[in-house]
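# Fold and geometry: a report
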Amino acid sequence: MGALKFRVLLDSEKDQEIFRDILIDENENFESFYRTILNSFNFEGQEIGSFFLSNDEWDKGHEISLMDMSYSDEDPEITSVMSEAKLVDFMEAPDQKIILVYDFLRMWIFLIELQERTEETVDKAKIALAVGTAPPEDSKMIQDDAFFGEEEDDENEFDEDFGDGYDDEDLSGYEEYEY
């Protein structure tokens, strides 16, 4: 039995490094890791999130969600659930990369990289190093305009899509249709 040391970098809008090095038992589940990460950045943890296994290019791979989000047993896209997924079972590479997306409206992104495996015994996850001050959890704007847009923008986009030519077309040669 050993421990895993991860570097967890908060992807922030400012050009400052904010990260935590977390040491956790390799047999802990992803939910414990999730709670440790959020606590280390002083986030309340009231929103849902998902881990995504990643490659060196930080592409999202297999999802490990906080709760079972599958629609049925026949759902072709199989995801794992944090409470059932042990860290050791998913650490494929010596520098395994993982993305954590927390709060799908604010889209907090944590870039996680396995730093080392140790023989050290860890009873409880701990922060080995903390660099930078995390912004308040509610400081990031909700990304609802990415999904819904604003009403004025929708009207303008509609006009731009069809151009001005439709309003100026001369229809005087057509007789009105009677019902």
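Scroll up to find the structure this text is about.
Reading guide: rules and limits
- Residues numbered from 1 in each chain as written.
- Predicted model: local features only at pLDDT ≥ 70, side-chain atom pairs only at ≥ 80, totals over all residues.
- Heavy atoms only, no water.
- Salt bridge = Lys/Arg side-chain N within 4 Å of Asp/Glu carboxyl O.
- Helix = DSSP H or I, 4+ residues; strand = E, 2+ residues; numbered from the N terminus.
- Buried < 20%, exposed > 50% of the residue type's maximum accessible area, 1.4 Å probe, protein only.
- Phe/Tyr/Trp six-rings, centres within 6.5 Å; stacked < 30°, edge-to-face > 60°.
- Lys NZ or Arg CZ within 6 Å of the ring centre and 35° of its normal.
- Contact = heavy atoms within 4.5 Å.
- Pairing = 2+ DSSP bridges.
- Polar contact = N/O pair within 3.5 Å; in protein donor to acceptor, adjacent residues only side chain to side chain.
- Patch = residues over 30% accessible without salt bridge, like charges linked within 9 Å, V, L, I, M, F, W, Y side chains within 5 Å.
- Areas by Shrake-Rupley, 256 points an atom, 1.4 Å probe, with all protein chains shown as cover.

### Comments concerning the pattern of salt bridges
- For the structure on display, the rule yields 8 salt bridges.
- One salt bridge connects Glu-113 with Lys-97, and the closest N-O pair in it is separated by 3.2 Å. Remark: Lys-97 occurs in strand β6 (residues 97-102) and Glu-113 occurs in strand β7 (residues 108-118); sequence separation between them is 16 residues.
- Relative accessible area serves as the criterion here: at 25%, Glu-113 is assigned to the partly exposed category.
- The exposure class assigned to Lys-97 is buried, which follows from its relative accessible area of 8%.

### Examining the packing of aromatic side chains
- Per the stated rule, a full pass over the model turns up 10 aromatic pairs.
- Pairing Phe-43 with Phe-110 gives two aromatic rings, centres 6.0 Å apart and planes at 70°, and the pair type is edge-to-face. Taken together, the positions of Phe-43 in the loop between α1 (30-40) and β3 (49-54) and Phe-110 in strand β7 put the pair 67 residues apart, joining distant regions of the chain.
- Under the relative-accessibility criterion, Phe-43 is labelled buried at 3%.
- A relative accessible area of 0% places Phe-110 in the buried class.
- Over the aromatic face of Phe-41 sits the side chain of Arg-20, whose NZ or CZ is 4.6 Å from the ring centroid.
- Over the ring of Trp-108 we find Lys-140, and its NZ or CZ is 4.9 Å from the ring centre.

### Regarding the environment of Phe-43
- When the C-alpha positions of Phe-43 and Ala-134 are compared, they lie 8.9 Å apart, and in sequence the two are 91 residues distant.
- When neighbours within four sequence positions are excluded, Phe-43 is seen to be in contact with Leu-38, Tyr-102, Trp-108, Phe-110, Pro-135 and Glu-137.

### Let's talk about the sheet that holds β6
- What the 8 strands build is an open sheet, ordered β5-β4-β3-β6-β7-β1-β2-β8; its pairing is mixed. For this open sheet the edge positions go to β5 (80-81) and β8 (126-131), each flanked by a neighbour on one side alone.
- As paired elements, β3 and strand β4 (residues 60-65) share 4 bridges and run antiparallel to each other. Each bridged residue has a counterpart across the sheet, and for Phe-52 the counterpart in β4 is Glu-63.

### Considerations on the side chain of Asp-25
- By secondary structure assignment, the location of Asp-25 is in strand β2 (residues 19-25).
- One polar contact links the side chain of Asp-25 to the main-chain amide nitrogen of Asn-27, over a distance of 2.7 Å.
- If we ignore the near neighbours within four places in the chain, the residues touching Asp-25 are Met-1, Gly-2, Ala-3, Leu-87 and Val-122.

### Focus on a nonpolar patch on the surface
- On the surface, Ile-48, Met-67 and Phe-104 cluster together into a nonpolar patch covering about 230 Å² of accessible area.
- Of the residues examined, Ile-48 reaches a relative accessible area of 31% and is grouped as partly exposed.

### A look at α1
- Among the residues of α1, Phe-30, Phe-33, Tyr-34, Thr-36, Ile-37, Leu-38 and Ser-40 are the ones counted as buried.
- Structurally, the start of α1 carries an N-cap: the backbone nitrogen of Glu-31 is 3.1 Å from a side-chain oxygen of Asn-29.
- Of the residues flanking the end of α1, it is Asn-42, one or two places downstream, whose phi is positive at about 60°.

### What about the environment of Glu-26?
- Structurally, Glu-26 is set in the loop between β2 and α1.
- Sequence spacing of Glu-26 and Lys-86 is 60 residues, and the spatial spacing of their C-alpha atoms is 7.4 Å.
- Apart from the residues lying within four places of it in its own chain, the contact partners of Glu-26 are Met-1, Gly-2, Ala-3, Leu-4, Leu-87, Val-88 and Arg-117.

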